[in-house]
Amino acid sequence: MDSKKESEESQDATSAGADGATTAVPMEDTNPSSSAESIQTSSTEPGLLPGETVVREGKAAILFPSANEVFYNPVQECAVITEFAREQLAQRGIRILVPGEKDRVVVQLSEEKNGTEGQEASEQPENEQQKEEEGDEKEYITASAGERCEQGLRVLEGLAASGLRSVRFALEVPGLKSITANDYSAKAAALIARSAQHNNVSHILQASQRDASMVMYEARGRKERYDVIDLDPYGSPSPFLDAAVQAVSEGGLLCITCTDMAVMAGNSGETCYSKYGSVSIKSKYCHEMALRIILHSLDQRAAVYQRYIEPLLSVSVDFYIRVFVRVKTGQAVVKNSASKQALLYNCVGCGAFHLQRMGKKMSQGKHMKYSAATGPPVGPNCEHCGQRHQLGGPIWAEPIHDNAFVQKVLGAVSGNPTRFRTSKRIEGVLSMVTEELQDVPLYYVLDHLSSTVHCNTPPMLQFRSALLHAGYRVSLSHACKNAVKTDAPAGVLWDIIRCWEKSNPVKRERLSETSPAHRILSTEPTLQACFEIREDANPQSRKRHLTRFQENPQANWGPKARAKAGGGISSELEDKRKQFQGKRKKQITDSSQLKSFPCKKFRKGTCTHGDKCCYSHELEQETEEKMD
């Protein structure tokens, strides 16, 4: 495998975006119970060596040396890649054929349109509209999945590990010319080659055993570039980003996965800066901030080569983030790069935040004038609670999705639900993505707003209605269940909380005079909030009861430990990881597993157990009493 990927590990954390996490869309459902296909350990299958296992996912059957030493996500979908191929190949006169897909209709979830249950279909199927726009006299070449298309897309999976994702591309995504499944491990490359033969896709899929960065650096020429580059490393993709932005073709697609969420979510801001050129902040909006950090890093590295990015879909699901960006070239557009980035000021007391753009642009007739931005947008202390500010960023401050593209992917999934076992979750997450306010970076969390002033949490519909009554826009976020994404300033949010507190009073005598709660509640609201529920306060995805957020599908859910050098997963690290999973939900009842430190009574000299005192002795005493 490659330098940042373990040996027999397929960290497929993003294939479908959110429910199929994606290689293709924004998600991945790894619930074994939802998968009709499972690991088969039969070594009697033709072509298998002793001890080998076949792991089946979708139409792919991947060879592994041992099922017990493999970490993989059992579901992976290809919706985003398929939709991208549809767009790109249509310009080359090629029409792709997707199994089970009929004439598609575009699904609209915008609240501004009054369709049945929030959906509006175009009057004509998409294929018929396309025929009318392009003319009936134009003939198309058709491309099917599993067949080599000479004018199709060239795909590179730089950190392929088992090659499962590449095999699925070859079997399920139509319109591909070639797929290069690369890994630094000779053992992994050999398995990829054998899996390609096992699935009869050797005519499309080629295994490669090289350093991923070198493969991409050698493909920087315009004729050698790849149309799609997929990077899904174990941890950070930062060592490969510079090569990736150069090796992708004009208008090509970069699919990047980050699983180092501890770094990107604020636990180690200095490490985040060294990897991505941005300081992360531990905050409630950390998951969307992580998406904006990786987009900032991609745009910054692309700008060095007079290139820029256009985000198509950016999702934060489960324990990773996944971004799909189109890369283009243009010196004039690159000049806008500074104005697309922003520094972040975050109040450590109440959580109010402000963005400061890095650059400023003004239109002067046919020309644009660029200058440094003015600031800062805040004073030394927060105007709401008096606490200090943290400085984070820079982060990407522009939209993180292309709604038109997401609608096409959503239409493809909704129109052909049997193609994906995880279509319900994909539809739910993509629906939430289309409802998000695209021009509003980051979000507040309703629970955090109410806990700051120690009052009861208002119902989400009432809080959203109050913002709408006040004349502001509001939406949810796919990255957080109780998120409030709005263009209202922080002062308006606190006015609404103050009005809510008046009907749900807090005991002021218990509040410290220096606390954020005391400062916020001591100010009278200038806005009189109306909590009468409005019809448009309930988003369409919620009305239709879509699967928007999913519970952890199994015990010890999360990223596995890094694989050992010789293959498999380190048992010591894996056991340690499981030990701390759900430690609050599953309390230890075996006294031998409890800490053996003196209790508080021992420190005071009042413990009756003397030198035998430990935290577990109370539990032992209770157990003995129950037995008696």
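Please refer to the structure higher up on the page.
Everything numeric in this text was worked out from a predicted model, so none of it was measured.

How each quantity is defined
- Residues numbered from 1 in each chain as written.
- Predicted model: local features only at pLDDT ≥ 70, side-chain atom pairs only at ≥ 80, totals over all residues.
- Heavy atoms only, no water.
- Helix = DSSP H or I, 4+ residues; strand = E, 2+ residues; numbered from the N terminus.
- Expected span 1.5 Å × (residues − 1).
- Buried < 20%, exposed > 50% of the residue type's maximum accessible area, 1.4 Å probe, protein only.
- Pairing = 2+ DSSP bridges.
- Axes fitted to C-alpha atoms, helices over the stretch in contact; angles between N-to-C directions.
- Contact = heavy atoms within 4.5 Å.
- Phe/Tyr/Trp six-rings, centres within 6.5 Å; stacked < 30°, edge-to-face > 60°.
- Lys NZ or Arg CZ within 6 Å of the ring centre and 35° of its normal.
- Salt bridge = Lys/Arg side-chain N within 4 Å of Asp/Glu carboxyl O.
- Core = buried A, V, L, I, M, F, W, Y, C linked by side-chain atoms within 4.5 Å.
- Domains from an automatic or database assignment.
- Parallel < 35°, antiparallel > 145°, perpendicular 65-115°, else oblique.
- Left-handed = near helix turned anticlockwise from the far one by under 90°.
- Nonpolar A, V, L, I, M, F, W, Y, C, P; charged D, E, K, R; others polar.

**Q** What am I meant to see in helix α9 (residues 286-303) here?
**A** Given 3.6 residues to a turn, an α-helix orients residues that are three or four positions apart in the same direction. Counted at 1.5 Å a residue, the expected span for α9 with its 18 residues is 26 Å, and the 25 Å between its end C-alpha atoms agrees. Most of α9 sits inside the fold, with 16 of its 18 residues counted as buried.

**Q** I would appreciate a short explanation of the sheet that holds strand β24 (residues 480-486) in the present structure.
**A** In a beta sheet, neighbouring strands are held together by backbone hydrogen bonds and run either parallel or antiparallel to one another. With antiparallel pairing, three strands are arranged side by side in an open sheet as β22-β24-β23. Of all strands in the sheet, those with a lone pairing partner are β22 (444-445) and β23 (474-477), marking the two edges. For β22 and β24, the ladder comprises two bridges, and the chain directions are antiparallel. Bridge pairing in β24 links Tyr444 to Val484.

**Q** Could you clarify how one ought to interpret the sheet that holds strand β18 (residues 353-357) in this entry?
**A** Taking strand neighbours across the sheet as the criterion, the three strands line up as β18-β17-β21 in an open arrangement whose pairing is antiparallel. Of all the strands in the sheet, just β18 and β21 (389-396) have a single pairing partner and so form its edges. In this sheet, adjacent strand axes meet at a mean angle of 25° when their direction is disregarded. When strand β17 (residues 341-347) meets β21, the two strands line up antiparallel, connected through six bridges. Residue pairing in the sheet places Gln341 in a bridge with Trp396 of β21. Seen against the sheet, α9 touches β17 and β21 and runs at an angle of roughly 55° to β21.

**Q** Explain the packing of aromatic side chains here, please?
**A** One pair of aromatic rings is described through two measures. These are the centre distance and the angle between the planes. The final tally for this structure, using the stated rule, is four aromatic pairs. Between Tyr285 and Phe353, the aromatic rings sit 5.0 Å apart at their centres with planes inclined by 65°, giving edge-to-face as the arrangement. Of the two residues, Tyr285 is situated in the loop between α8 (269-276) and α9 and Phe353 in strand β18; the sequence distance between them amounts to 68 residues. Both rings, one in Trp500 and one in Phe531, keep their centres 5.4 Å apart while their planes meet at 65°; by these two values the pair is edge-to-face. Of this pair, Trp500 sits in helix α16 (residues 490-503) while Phe531 sits in the loop between α17 (516-521) and α18 (540-543), and the two are 31 residues apart along the sequence. Each member of the pair, Trp500 together with Phe531, is buried. Aromatic rings pair up to connect Tyr285, Phe353 and Tyr444 into one cluster. Here the guanidinium or amino end of Arg154 rests over the ring plane of Tyr226, the centre of that ring lying 4.6 Å away.

**Q** What should I look at first to understand the pattern of salt bridges in this one?
**A** Side chains that differ in charge, positive against negative, can pair when their charged atoms come close. Using the criterion set out here, one finds 23 salt bridges in the structure. A salt bridge links Glu150 to Arg148, with the shortest nitrogen-to-oxygen separation between them at 2.9 Å. For Arg148, a relative accessible area of 36% puts it in the partly exposed group. We note a salt bridge from Asp230 to Arg322, for which the minimum N-O separation is 3.1 Å. Residue Asp230 is located in strand β13 (residues 226-231), and its partner Arg322 is located in strand β16 (residues 320-329); the two are separated by 92 residues in the primary sequence. Three or more residues joined by partner-sharing salt bridges are found here, namely Arg165, Asp230, Asp232 and Arg322.

**Q** Hey, could you run me through the pairing of strand β20 (residues 367-372) in this one?
**A** Regular strands place side chains that alternate from one sheet face to the opposite one. As paired elements, strand β19 (residues 359-364) and β20 share six bridges and run antiparallel to each other. Of the residues in β20, the one forming a bridge with Lys360 is Ser371. Linking β19 to β20, which pair antiparallel, is a turn of two residues; within it Gly365 sits at a positive phi near 70°.

**Q** Help me out: how do you make sense of unusual backbone geometry in this one?
**A** With omega at 0°, the peptide bond leading from Gly375 into Pro376 counts as cis. Note the cis peptide between Gly393 and Pro394, where omega equals 5°. With respect to the secondary-structure elements, Pro394 resides in strand β21. Residue Asn200 is not a glycine yet carries a positive backbone phi of 60°. Looking at the element boundaries, Asn200 is found in the loop between α4 (186-198) and β12 (205-208). For Asn200, a relative accessible area of 62% translates into the label exposed.

**Q** Even after reading the chapter, I still don't get the nonpolar core, so can you show me in this structure?
**A** Grouped burial of nonpolar side chains is what soluble globular proteins tend to show. In terms of nonpolar packing, the biggest core is built from 85 residues, with Met216, Ile229, Leu254, Ile294, Leu298, Phe463 and Leu467 touching the most fellow members. Residues from two domains meet in this core; each of domain 1 (80-97 + 139-422) and domain 2 (444-544) gives at least three. If sequence neighbours within four positions are ignored, Leu254 has contacts with Ile229, Ala244, Val245, Val248, Leu298, Val323, Phe324, Val325 and Val327. Counting 48 residues, the second largest nonpolar core, distinct from the first, contains Leu153, Ile204, Cys255 and Val413.

**Q** Explain the packing of helix α1 (residues 79-90) against helix α12 (residues 403-415) to me, please; I cannot follow it from the model alone.
**A** What describes two packed helices is the angle between their axes and the distance between those same axes. At a minimum axis separation of 10 Å, α1 and α12 run at an interaxial angle of 115°. As judged from the angle between their axes, α1 and α12 are roughly perpendicular. Every pair of crossing elements has a handedness; the one defined by α1 and α12 is right-handed. Residues Ala79, Val80, Glu83, Phe84 and Glu87 of α1 form the contact with α12, whose participating residues are Phe405, Lys408, Val409, Ala412 and Val413. Residue classes in the contact of α1 with α12 are distributed as seven nonpolar, no polar and three charged.

Function cannot be read off these values alone, since they describe shape.
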